[in-house]
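Fold and contact review
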Amino acid sequence: MYEKIAEELLNRLAKAITEYDADSASDLTIDLLSRGIDPKRIINDGLSKGIQEVSDKFNRLEVFLPHMIFAADAMQIAVHKIIESLPPDRKHEVILGKVVLGTVKGDIHDVGKNIFKTMLLATGFEVYDLGVDVPTEYFINRAEEIKADIIALSCLMTTCLIQLKEVIEDLVRLKIRNKYKVLVGGGAVTETFAHKVAADGYSLDAIAGAGLAKKILGKE
Amino acid sequence: MSLSFTEIVDRAINTGEKIEVKDFDMKVFRETERLKEKYSIKFNKENTINTNDDMADRLFLAGKEFYKKIGTYVMDSKRIIKFTEKEIDEALNEIPGIIWIGRGTDKRIMKHRGVGDQTLPIIQGGVIGGNATEEYYIPLYQSIAQEQLVDSIYFDPPHVIEGRAVMHGSPLEIHSARCAAMWAREAITRAGRPGMHLLGGAGSAVADISTCQEGIGIRPSDAICAHTTSELKIDYDSLNKIMHTLHYNCMRQVWWAPVIGGFAGGAEGSAITAVGGLFHGLLVGQGAKGSAYFDLQVTPYYKAGATDRLSLWILSIAGQAIARNTKAILQGTVTTSAGPGTKMMLYEIGASAISQVVSGMHIFGVRIQKPTKENHGTAMESKWVAEVSRAAVNINRNEGDAIVSKLLSNYEHNIKNAPEGGGFIELYDTKRLTPYEDYLRIYEEVRREIADMGLPIN
Ligand code: B12
């Protein structure tokens, strides 16, 4: 009986995400927490299930980038409810990590970066989006400030690829290279280039990129 | 009294309302959602070339209402440049509908084209974004210039110069851009067409501006590109290009690229922003001044050139909306999924060129959605797009739609796995500047096939 109610609430939570209903998602999450349901289960069987459905629809062109953003926003609000309810030593169970993300200096392409951002949010990362045309030192300062785990760089212009090298070289020069994992992606980046500049990870698409982010932090 | 560009820039940097970019993006989404209902705009996948005049006219009104409400977002200042209805109407009235591009005997008249207009479209050829390299630059562009049906040429600079990787906005970019402009001029001169109109897309404003020089570089009879960030955003770099062209008195290609699946949503929303972009081009891009032409570059966010049904429909209906209701000179970009030397690319070029020419547009192309090689393009694609476009002035939208349906059935299923094809070196004799047999054979086959489908190409 008890299990049945939990299941039904989790299904409703998934549905709330597919309907971009942040209020219901938040209420249902509080309800589930008060019934002692494990936060990880709330995320995996409720929130993530919902976001996965929206992302499948996005890939079939049934919904569009704004819908992905609405769904990710609703999910984020619910995840915050979970974080608030946890004692400090358990919060890390829910947040996979903090990512500083942006399109590098000189480059204003942001469609792919925005898609990657929603995928990261949907996977359970906290994302600090610095926008486009972001100078090297902004990435580094922000990462230091918020104690990021990952710096993610998007680049679509061959003539801006040098900026990826710049960020990594500066991290080394400042002796903080080991503090961060650097992920690179976007149309102009190739596996070979990522390797050449000694990035920690490269991915051709956003979904695999979010999986990779999990993997390089050992959260899989 | 016409609105001055100084006043527009003042709105951009000083007086426009400030908002966060995310809020602007969401406003774009909400407005397109609202307007597609209000004006009953509906994508029909069986009618890729739109034949519904009433819907094209409603789309025009939707695009106008959209732009009036939204304006242009300035990324550097976070301000919105907005215009009153009166200012928008004045700009619409001022469009001259005719410009001259190029010089001497290579000069061409570029006129507003209407739907079903028999006026030949201007063909602006080139290997757009195809990573042309220093060593092959002159032969590649000379081979394009020697195609007599190509009226004008677009070029962008190499990504590596003298063995060094070029960085955007740096002195190496200026060096690369200036060299490219000189080589492009050398190429057209060698082809015996020194006055041919050139369009430069160097990258940053400082690089584009550096190419502007009477004699060896971009002349006043040539043009540079001024980009618009999707959807309806601009940066100081692009505004700087516009200001410079007004002072230098050369031309501009003002272009915008609705991203299908992005903040404008699907087909209908993207079509509304496609028309909305025109008003941005007229006012912020100073297109009403008679020194600019417009380019609509439809861009799927997913893996596809602008040759799937959605893209072709958007190009055709937005083109018609603008052609029927303004005197604007509008190009559409031909973007393919497949690469050179493949039948698929020639089918895609055919479908795109037909859809646009019967809808009142001029032609900018060809570009591959995702170039993967150096010198990833040849003169053949420019020649082919010109031939198809010239033939397409003799058919109407219904006939065009029937041919496009047949072409689609030849490539549609391969869009996601399109062949990358070859580059200039694999497909052309780079000394004699002629295509190799294999490519010629493919071209001739497709030419026969498209004639059998009903295009009067012979
Ligand atoms: C749309 C577009 C524009 C729009 C951008 C709109 C916007 N808001 O982003 C506008 C019109 C503004 C534009 C402008 C320009 N553009 Co542009 N543009 C494109 C286009 C057609 C599509 C890009 C896109 O959005 N793709 C779709 C997204 C979903 O793909 P994506 O970004 O690769 O992202 C995916 C993955 O890579 C991944 N991902 C992305 N980021 C990251 C990061 C990480 C860490 C990870 C793991 C994964 C990841 O997730 C995404 C989903 O899977 C491309 C051509 C192409 N087909 O790529 C040219 C292209 C990128 N542009 C190009 C150029 C040259 C320009 C201009 C310089 C043109 C000019 N002369 O003015 C200006 C640039 C100005 C500037 N300073 O940046 C060239 C770049 C050439 C090169 N290799 O250097 C391209 C390749 C076109 C071409 N062949 O010429 N452009």
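Residues numbered from 1 in each chain as written. Chains lettered and ligands numbered in written order. Predicted model: local features only at pLDDT ≥ 70, side-chain atom pairs only at ≥ 80, totals over all residues. Heavy atoms only, no water.

**Some thoughts on the domain arrangement of chain A**
Residue and element names in this part refer to chain A. To keep it simple, the criterion reads: The split of the chain into domains comes from an automatic or database domain assignment. Should any heavy atoms of two residues lie within 4.5 Å, those residues are considered in contact. Buried area adds together the accessible area that both of two parts lose upon being put together, with accessible area traced by a 1.4 Å probe. Salt bridges, as used here, are contacts in which a Lys or Arg side-chain nitrogen is within 4 Å of a carboxyl oxygen on Asp or Glu. Between N or O atoms, a polar contact is any pair within 3.5 Å; within protein, one atom must be a potential hydrogen donor and the other a potential acceptor, and residues adjacent in sequence are included only when both atoms are from side chains. Segments assigned H or I by DSSP are reported as helices when at least four residues long, segments assigned E as strands when at least two residues long, and all are numbered from the N terminus.
Split into domains, chain A comes out as domain 1 (2-90) and domain 2 (98-216). Contact residues are listed per partner, giving eleven residues for domain 1 and seven residues for domain 2. Summed over both sides, the interface between domain 1 and domain 2 buries roughly 830 Å², with carbon and sulfur atoms accounting for 77% of that surface. Linking domain 1 with domain 2 are zero salt bridges. At the boundary of domain 1 and domain 2, one finds zero residue pairs in polar contact (both at pLDDT 80 or more). Taken together, the elements giving at least two residues each to the side of domain 1 that touches domain 2 come down to α3 (39-59) and α4 (65-85). The greatest single-element share of the side of domain 1 that touches domain 2, amounting to six residues, is contributed by α4.

**Considerations on the coordination of the cobalt atom of the ligand**
Note the cut-off: Distances define the donors: N, O and S atoms within 2.8 Å of the metal qualify, as do those within 3.2 Å of Na, K or Ca. Water is excluded, so some sites may look unfinished.
When only protein atoms are considered, the cobalt atom of the ligand has one donor, H109 of chain A (NE2), at a distance of 2.2 Å. Tracing the backbone through its elements, the reader meets H109 of chain A in the loop between β1 (98-103) and α5 (111-123).

**Observations concerning the pairing of strand β7 (residues 152-155) of chain B**
Residues and elements named next belong to chain B. Going by this rule: Throughout, exposure labels follow a simple rule: accessible area from a 1.4 Å probe, protein chains only, divided by the maximum for the residue type, with under 20% read as buried, over 50% as exposed, and the rest as partly exposed. Note on pairing: DSSP must find at least two bridges between two strands before they are called paired. Crossover handedness is defined by viewing with both strands directed away from the observer: a clockwise path from the first strand over the helix to the second marks the crossover as right-handed.
Residue alternation in β7 divides its side chains into two sets, S152 and Y154 and I153 and F155, and both sets are buried. Bridging between strand β6 (residues 123-125) and β7 involves two bridges; their strand directions are parallel. From the neighbouring strand, Q124 faces β7, where its bridge partner is S152. Note on the crossover from β6 through helix α5 (residues 137-145) to β7: the handedness is right-handed. Sheet topology places β7 next to strand β10 (residues 197-200); four bridges connect them, and they run parallel. Across the sheet, residue I153 finds its bridge partner in β10, namely L198.

**Quick word on the site of the ligand**
To keep it simple, the criterion reads: Any residue with at least one heavy atom within 4 Å of a molecule or strand is counted as near it. Put simply, Ala, Val, Leu, Ile, Met, Phe, Trp, Tyr, Cys and Pro go in the nonpolar bin, Asp, Glu, Lys and Arg in the charged bin, and everything else, Gly too, in the polar bin.
Close to the ligand lie 41 residues; H109, D110, S154 and T158 of chain A together with Q369 of chain B are nearest. Surrounding the ligand is a set of residues that belongs to chains A and B. Here I108 of chain A contributes a backbone N or O atom positioned 3.0 Å from an oxygen atom of the ligand. When contributions to the shell around the ligand are tallied by element, the ones reaching two or more residues are α5, β3 (150-154) and β4 (181-185) of chain A. Among the elements that line the shell around the ligand, the one with the most residues is α5 of chain A, at four residues. Partitioning the shell around the ligand into residue classes produces 16 nonpolar, 19 polar and six charged.

**Section: the interface of chain B and chain A**
With 23 residues of chain B in contact, the opposing surface of chain A contributes 24 residues. For the chain B face of the interface with chain A, the top three residues by lost area are M167, H168 and Y301 of chain B, together amounting to 27%. Along the contact surface separating chain B from chain A lie one salt bridge. In this structure, K22 of chain B and D73 of chain A form a salt bridge, with 3.3 Å as the shortest nitrogen-oxygen distance. Looking at which element gives the most residues to the side of chain B that touches chain A, the answer is helix α2 (residues 21-38) of chain B, with three residues.

**Topic: the pattern of salt bridges**
As enumerated under the stated definition, the model contains 46 salt bridges over all chains in all. Across the salt bridge formed by R173 of chain A and D170 of chain A, the nearest N and O atoms sit 3.0 Å from each other. Residue R173 of chain A and its partner D170 of chain A are located together in helix α7 (residues 162-173), separated by three residues, close to a single helical turn. Where K42 of chain B meets E268 of chain B, a salt bridge forms, and the shortest distance between an N and an O atom there is 3.8 Å. You can see K42 of chain B sitting in the loop between α2 and α3 (53-70) and its partner E268 of chain B sitting in helix α9 (residues 267-283), a full 226 residues away along the chain. Since its relative accessible area comes to 57%, K42 of chain B is described here as exposed. Judged by relative accessible area, E268 of chain B falls into the buried class, the value being 11%.

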